[in-house]
There are 2 protein chains.
Amino acid sequence: MASGDSSKTPQEQQQNVGSTTHEEDFAQGNYGILPLIQSKEKIDRQLISVRDINEKLAKQTIWVRGRLHISRGKGKQCFLVIRHQSATIQAVVCVNENVSKPMVKFAATITKESIIDVQGEVTLAPTPIESCTQKDVELQVTKIFVVSPAEPRLPLLIEDAMRPDEPTSESAQAPHANQDTRLDNRVIDLRTPANQAIYRVEAGVCKLFRDTLDAKGFVEIHTPKIISAASEGGANVFQVTYFKSNAYLAQSPQFYKQMAIAADFGKVYTIGAVFRAEDSNTHRHLTEFVGLDLEMAFGYHYHEVVNTIGDLFTQIFKGLAERFATEIAIINKQFPCEPFEFVEPALRLEYKEGLALLAEAGIQMGSEEDLTTENERILGRIVKAKYHTDFYILDKYPLAVRPFYTMPDPDNPKYSNSYDMFMRGEEILSGAQRVHDAQLLLERVKHHKINIDQIKSYIDAFRYGCPPHAGGGIGLERVLMLYLGLGNVRKTSMFPRDPKRITP
Amino acid sequence: MASGDSSKTPQEQQQNVGSTTHEEDFAQGNYGILPLIQSKEKIDRQLISVRDINEKLAKQTIWVRGRLHISRGKGKQCFLVIRHQSATIQAVVCVNENVSKPMVKFAATITKESIIDVQGEVTLAPTPIESCTQKDVELQVTKIFVVSPAEPRLPLLIEDAMRPDEPTSESAQAPHANQDTRLDNRVIDLRTPANQAIYRVEAGVCKLFRDTLDAKGFVEIHTPKIISAASEGGANVFQVTYFKSNAYLAQSPQFYKQMAIAADFGKVYTIGAVFRAEDSNTHRHLTEFVGLDLEMAFGYHYHEVVNTIGDLFTQIFKGLAERFATEIAIINKQFPCEPFEFVEPALRLEYKEGLALLAEAGIQMGSEEDLTTENERILGRIVKAKYHTDFYILDKYPLAVRPFYTMPDPDNPKYSNSYDMFMRGEEILSGAQRVHDAQLLLERVKHHKINIDQIKSYIDAFRYGCPPHAGGGIGLERVLMLYLGLGNVRKTSMFPRDPKRITP
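Residues numbered from 1 in each chain as written. Chains lettered and ligands numbered in written order. Predicted model: local features only at pLDDT ≥ 70, side-chain atom pairs only at ≥ 80, totals over all residues. Heavy atoms only, no water.

Participant: Explanation requested: the overall build of chain A in the structure shown.
Facilitator: When helices and strands are tallied, chain A shows 14 helices and 18 strands. With 504 residues in all, chain A has 61% of them scored as buried. Relative to all contacts within chain A whose residues are 6 or more apart in sequence, the contacts with residues 24 or more apart total 69%. As presented, chain A carries roughly 19,600 Å² of accessible surface, and 49% of it is formed by carbon and sulfur atoms. Distance between charge centroids for chain A: 4 Å, based on 58 positive and 64 negative side chains. (Helix = DSSP H or I, 4+ residues; strand = E, 2+ residues; numbered from the N terminus. Buried < 20%, exposed > 50% of the residue type's maximum accessible area, 1.4 Å probe, protein only. Contact = heavy atoms within 4.5 Å. Areas by Shrake-Rupley, 256 points an atom, 1.4 Å probe, with all protein chains shown as cover. Lys, Arg positive; Asp, Glu negative; His and termini not counted. Charge placed at Lys NZ, Arg CZ, Asp CG, Glu CD.)

Structural data, given as C-alpha cells:
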C-alpha cells in the first residue's frame, strides 16, 4: 500500500531555495519550496492520507500531503503536526544522517496552513499522542517540501476557529473567533474538524433523503428558479432583470412539483436553491437556502403522504446515527449538544391537541391563530417531556394561516389538511394536501385576493385531470442545525446568504 | 396482491350523478363522478398500477386508477384505454347483469385525460392488444368513477404530442404539435410515454453522477446562486435587486467549488441551477440549466482529474444502457436515433491533434483560434468515423480562449491545462486545471483586465495554501439531449427557460 520513493524528481533537484546555509548542505535535495505544480510531469508516487496512517504502516517510508497545522522548533529538532481534513499526525524533523540543521531550520520556518509534501518513516509513538487523531504513530521526516505556501499573517487562526462558542474553563482566556470573522474568512473557517464533519453530514442528509425516496418510487426532478410572477402572493420575492423585462426568483418549487404531479410523475422530489427576500436577521433565516421538496399523488387520504414523510425523517435520523457517528462526535466536541431523540413511527398530534397542551401550560391561543416561534418552542419542550421525541408532526392547521392552495378540512372549514413538522421545537417542514381541482382553486385564489392572471398556467394545470396529492418542503440547513443543536443556520450553510451578507 | 373490494363506500353510495336514465338503474351505485377527494375517509383499497396488471392477475377483481386515454362507445359496450404513466391497458364496459345501459353511456361520456377509478375483472385478451403496453390482458369493468374530470376541450391532444417530430408515412396526414404548443401546455405534453421516460432517464444521469463520485470519495456541496459580483468578467449575468442594493445570479459554481477545495474538502461535486443571460435562441442554449459540477485536488498532474471525469462518463453511459433500456426504447420510438457509441477508457486527443484532423478535412484554423460550433461538429464526425466513439476529450486548449483562472501549459505558454468534452460533436463539459496560486492568479486577472476588487474573496482563498486542483462543469440537459439524440435542449428541461420563455 505505502511505497517509499527515494528517487529525486527533476523538480525536487532544484529545490533548496528555502535553505539559508552558507556551508555545503548534505540534505540539500531533501527540502525546499516546490515550483508551482503546473502538471509538468506525472510522478509515480502514492500520497497516503493522514487518516490512513496507523501501526500497520510502521517502519514503512511513505509520502503524505497535508497542511502544516502546528510547528515547534527546538534546537536540533522540529515537531510538526500535519493536518488533512479532520485527521492530524505528529511528524518529527530531527538532525541525523539524512537531515541537516538547515533542513530542521527550514521546517521550523514553514508558515502555518501551508500545504506540504512530507516523506517519512512511520514509527510507533512511545506514548499516545493525545493532541493528534493518529495517536499511536508518528512520522520521522526524511524529506519535506512546500507545495503551496500560506501567507504568514492568517486573518483567522485555525485554533481559534476550533474553539467552542461558549468559553470553557480551559479556553476562557483564549481568543474566540466571532461569527462574522469566521464567515469573512470562510475558506479557513471551513478547515476546522467540526466544519469538515458538518458538511459531510449535510451531504449525508441529502443522500438519505434521495435514497429513501428513490426506494419508495419517487422521481427526481429539476424546477426553474426564474419565474414570471411571484408564486405565493407577491411578498418577499427577489426581482431579476430578464433581458428587457423582469422576472422573479422562485420562493419554492411548489407550483412546479405540483405540475409534475398533474403531468403524471406520481411521486417527485427536488433538491435546490430557494429564495426568500425577507429582511429577517435571525438565527434561522437565510435569503437563499437549500430546499428538499417532495410531492406525491395519493389514493384517498393525505395521511398516506404524512406517513411517507414521517418515515422519511425516521430513515434520515437512523441513517445519520449509523453512518456518521464519527463526524457527529467530532462536531459535538466543538459544539456540545443533547443527542437527538425520536420515536418510531413519528408522533402526530392535531393542531387542537397542540393548543390544548399549551393551554395546560397556561398559554391561551385563539383556535384560528398561528403559533408564534416562541410558542412552537414551548410546545416542543412540552412534547419532548411528554412523548420523549425531538421530532413530531402537527396536523390540521387552521385554514386561515395557510397558503391559498391548501385543501380545506372536509369536516370543518376552519381547519385544513395541512401540517408542519418540528425538530427541537423549530419548524423544519411545512406541507399540505393541495387543492387539485381548478374550480376550488379559483375560489381560494379569489378569497386570498391573488391576481389570477399571474398564476394562470398553475391554475390551468388542474383543468385536465389531476390526482389528489400532498407534499412538503424541508429546509436542509435547519434540519442539520437542529439535529446537531448548532444554534445558527449560518453554521450549516457553506456560504450563507442573509440580508447583510452576500460574500464570500 | 390484488384485492377485490365489493363494499360501497359512503362516497360512492351518493354517486349516480352521471346517470341520465329515467327508469330505475340497477347499476346505480357502480358509476358516477366522485366528490372531490378531500381526505374525508381512509378507504382500505389497493390501487394496482397499470404496468403491474398481467396474466398472473387473471380472474381477479382489482381496482386501478389512471387516465382515460381513449374511449370508443359502440351500442351496448364501450372500449376504454386506461393510461398510467407509460403503461396502457384496455378496459371493456359491457352491458351485463352488473352493468346497465346508462353505465355504458356514462363511461362513453367521460372526457379524455380525466382521472378515473375502475374496478374490473382481469381477463386474458383473446388476441394480443397491440395498441396497449399490457397486450395480454384486459379489464372487464364492474365499477367506474371519475376522480378528477378533464375539461372537454384539451389545448393539446396527447396523441398529437406522442407523434414523432418528422412525419412518418403513416402519420403524414396527422397534426403535429409544434414545440411552443407543447411547452405552453407542458403539463399535458409531459404525460406522453416519451416524456415520462425522458425525465426518469434524466434522474438516472444525476443518480449515476452522484453514485460514481460518492464511490470515489467526493463530497456533495451546495453553492450560493446569489453572488455579489459577476463571477466571470461581467458579461451575460442576470442582475437581482437585493434589498437596497444589487446582486447577480451565479453563472456557475466555479468560484465556490474551488473555495471548497481551498477549504480542504478534497473532492467535491454540486448539482444545481446555473444562469446565463445570453440572448442565444438556439437548439442548445437555455438561460437557466442544471449544472453537474465537480472539482478535485490532485497530486502532481491534472490528468488524474481528466481520467476521473472520463471514467465518470463511462459509468454514466454504461449505467444508462443497463438500467434504462426500457425507457430508452420508449423514447426512441417517438424520437428515433442512432445508439450512443463510446470506448473505454475514453478517447483523449490534444487540441493540436484536433486541428490536424480538421486540416486533413480541408478546414484550416489558427493554432490559437477557438473551435466554432460548426467545426466542433465536423470534428465530432471525423472522430466518430476514425475512433468509433460519440464521446471524447479534447485536451490542451489555447490559453487565449479560456477563462482567467485556467492554468497555463508549463511547456508552452500559448496552451493551457484545459479541456472540453464532447458528445456527438457538441460540447457538454468544459474544465481545466485552475491556478491555485494567488500571485499567478492576480497576474492572470490583470492580463484579462478584470476588476480585482469584485473578486477579492475568490483570490484571497488562495493566499493561505491550496492544493493543485482541476474540475469541470457539465450541462445536464445537453448530456441527455445528445445521449438520446433529441436535437433540442428544451426536450430535456422539464420547464425550459430561454430568452423568450419563462412560463409555465
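From this point, things continue past the structure.
Participant: How should the pairing of strand β15 (residues 391-395) of chain A be read in this particular structure?
Facilitator: If a strand is regular, its side chains alternate between the two faces of the sheet. All names here are of chain A. Of all five residues making up β15, five are buried, and the element is well covered by its neighbours. Burial of the side chains of β15 extends over both faces: F391, I393 and D395 are buried on one face and Y392 and L394 on the other. Where strand β14 (residues 347-350) meets β15, four bridges bridge the pair, whose relative direction is parallel. Paired with E350 across the two strands is D395, which belongs to β15. Of the strand pairs in this sheet, β15 and strand β16 (residues 418-423) are connected by five bridges, and their pairing is antiparallel. Each residue of the ladder has a partner; that of I393, found in β16, is M421. (Pairing = 2+ DSSP bridges.)

Participant: Please clarify how the packing of aromatic side chains should be interpreted in this entry.
Facilitator: Any aromatic ring pair is given by two values, namely how distant the centres are and how the planes are angled relative to each other. Residues and elements named next belong to chain A. Under the definition given, this model contains 48 aromatic pairs over all chains. A ring pair is formed by F255 and Y405, whose centres lie 6.4 Å apart and whose planes are at 85 degrees; its orientation type is edge-to-face. Of the two residues, F255 sits in helix α7 (residues 254-262) while Y405 sits in the loop between β15 and β16, which places them 150 residues apart along the sequence. For F255, a relative accessible area of 9% corresponds to the buried category. The exposure class assigned to Y405 is buried, which follows from its relative accessible area of 5%. (Phe/Tyr/Trp six-rings, centres within 6.5 Å; stacked < 30°, edge-to-face > 60°.)

Participant: Just checking my understanding: could you explain the environment of S252 of chain B for this structure?
Facilitator: Inspection of the secondary structure puts S252 of chain B in the loop between β11 (245-249) and α7 (254-262). In this structure the side chain of S252 of chain B is engaged in a polar contact, spanning 3.0 Å, whose partner is the backbone nitrogen of Q254 of chain B. (Polar contact = N/O pair within 3.5 Å; in protein donor to acceptor, adjacent residues only side chain to side chain.)

Participant: Help me understand the environment of E151 of chain B in this model?
Facilitator: Here E151 of chain B lies in the loop between β7 (137-148) and α3 (158-161). Overall, the relative accessible area of 30% leaves E151 of chain B in the partly exposed class. Along the chain, E151 of chain B and T111 of chain B lie 40 residues apart, while their C-alpha atoms are 7.0 Å from each other. In this view, E151 of chain B contacts R463 and Y464 of chain A; residues no more than four positions away in its chain are not counted.

Participant: Help me understand the environment of D409 of chain B, please; the structure alone is not making it clear to me.
Facilitator: All names here are of chain B. Mapped onto the fold, D409 is located in the loop between β15 (391-395) and β16 (418-423). The exposure class of D409 is buried, given its relative accessible area of 10%. A distance of 3.3 Å separates the side chain of D409 from the side chain of K396, its partner in a polar contact. From its side chain, D409 meets the backbone nitrogen of D411 in a polar contact 2.6 Å long.

Participant: What is the right way to read the sheet that holds strand β18 (residues 469-475) of chain A from this model?
Facilitator: Residue and element names in this part refer to chain A. Pairing in this open sheet of eight strands is mixed, and the strands run β8-β12-β13-β18-β17-β16-β15-β14 from one edge to the other. In this open sheet, the two edge strands, each paired with only one partner strand, are β8 (219-220) and β14. As defined by bridge partners, strand β17 (residues 426-433) adjoins β18 across five bridges and the pair is classed as antiparallel. Paired with L429 across the strands is I474, a residue of β18. Across the sheet, helix α10 (residues 351-360) touches β14 and β15, and the angle it forms with β14 is around 85 degrees. (Axes fitted to C-alpha atoms, helices over the stretch in contact; angles between N-to-C directions.)

Participant: Whenever I open this one, the interface of chain A and chain B confuses me. Can you help?
Facilitator: Size of an interface, as often reported, equals the accessible area lost when the parts are brought together. Every contact between the two is made by 111 residues of chain A and, on the other side, 111 residues of chain B. Where chain A abuts chain B, roughly 9,100 Å² becomes buried across the two surfaces, and 60% of that area is made up of carbon and sulfur atoms. Taken together, chain A and chain B are joined by twelve salt bridges. Residue R83 of chain B pairs with D264 of chain A through a salt bridge whose shortest N-O separation is 3.5 Å. Between chain A and chain B we count 65 residue pairs in polar contact (both at pLDDT 80 or more) in total. The dominant element in the side of chain A that touches chain B, judged by the number of residues it contributes, is helix α6 (residues 193-215) of chain A, at eleven residues. Along the lines of polarity and charge, the residues of the side of chain A that touches chain B split into 57 nonpolar, 23 polar and 31 charged. Across two bridges, the pairing between strand β10 (residues 239-242) of chain A and strand β10 (residues 239-242) of chain B is antiparallel. (Buried area = accessible area lost by both parts, 1.4 Å probe. Salt bridge = Lys/Arg side-chain N within 4 Å of Asp/Glu carboxyl O. Nonpolar A, V, L, I, M, F, W, Y, C, P; charged D, E, K, R; others polar.)

Participant: I would appreciate a short explanation of the relation of the copies chain A and chain B in the present structure.
Facilitator: Relating one copy of the chain to the other requires a rotation about an axis plus a shift along that axis. Between the two copies, chain A and chain B, the superposition gives an RMSD of 0.0 Å; the rotation angle is 180 degrees and the shift along the axis is 0.0 Å. Within this description, the copies of the chain are treated as partners about a two-fold rotation axis. Scanning chain A for the C-alpha nearest the rotation axis identifies V240 of chain A, at a separation of 2.2 Å. A high fraction, 100%, of the interface residues of chain A reappear at the interface in chain B, so the copies pair face to face through one surface. (Least-squares fit on C-alpha atoms with pLDDT ≥ 70 in both.)

Participant: In this structure, what is going on with the state of the cysteines? I would like to understand it.
Facilitator: The term disulfide refers to a covalent linkage connecting the sulfur atoms of a pair of cysteines. Residues and elements named next belong to chain B. Under the counting rule described, the total for this entry stands at zero disulfides over all chains. No disulfide involves C78; its nearest neighbouring cysteine sulfur is the one of C94, lying 10 Å away. You can see C337 has no disulfide; the closest cysteine sulfur is in C206, sitting 20 Å from it. On the accessibility criterion, C337 (24% relative accessible area) is partly exposed. (Disulfide = S-S within 2.5 Å.)

Participant: When you look at the pattern of salt bridges in this model, what are you seeing that I'm missing?
Facilitator: For side chains bearing opposite charge, pairing can occur when the charged atoms are close. What the rule picks out here adds up to 68 salt bridges over all chains. Residues R83 of chain A and E113 of chain A are paired through a salt bridge, measuring 2.8 Å at the closest nitrogen-oxygen approach. Taken as a pair, R83 of chain A in strand β4 (residues 77-84) and E113 of chain A in the loop between α2 (101-109) and β6 (115-124) lie far apart in primary sequence, 30 residues in all. With relative accessibility at 1%, the residue R83 of chain A sits in the buried group. Here the salt bridges share partners, and the residues they tie into one network are R67, R83, E113 and R191 of chain A together with D264 of chain B.

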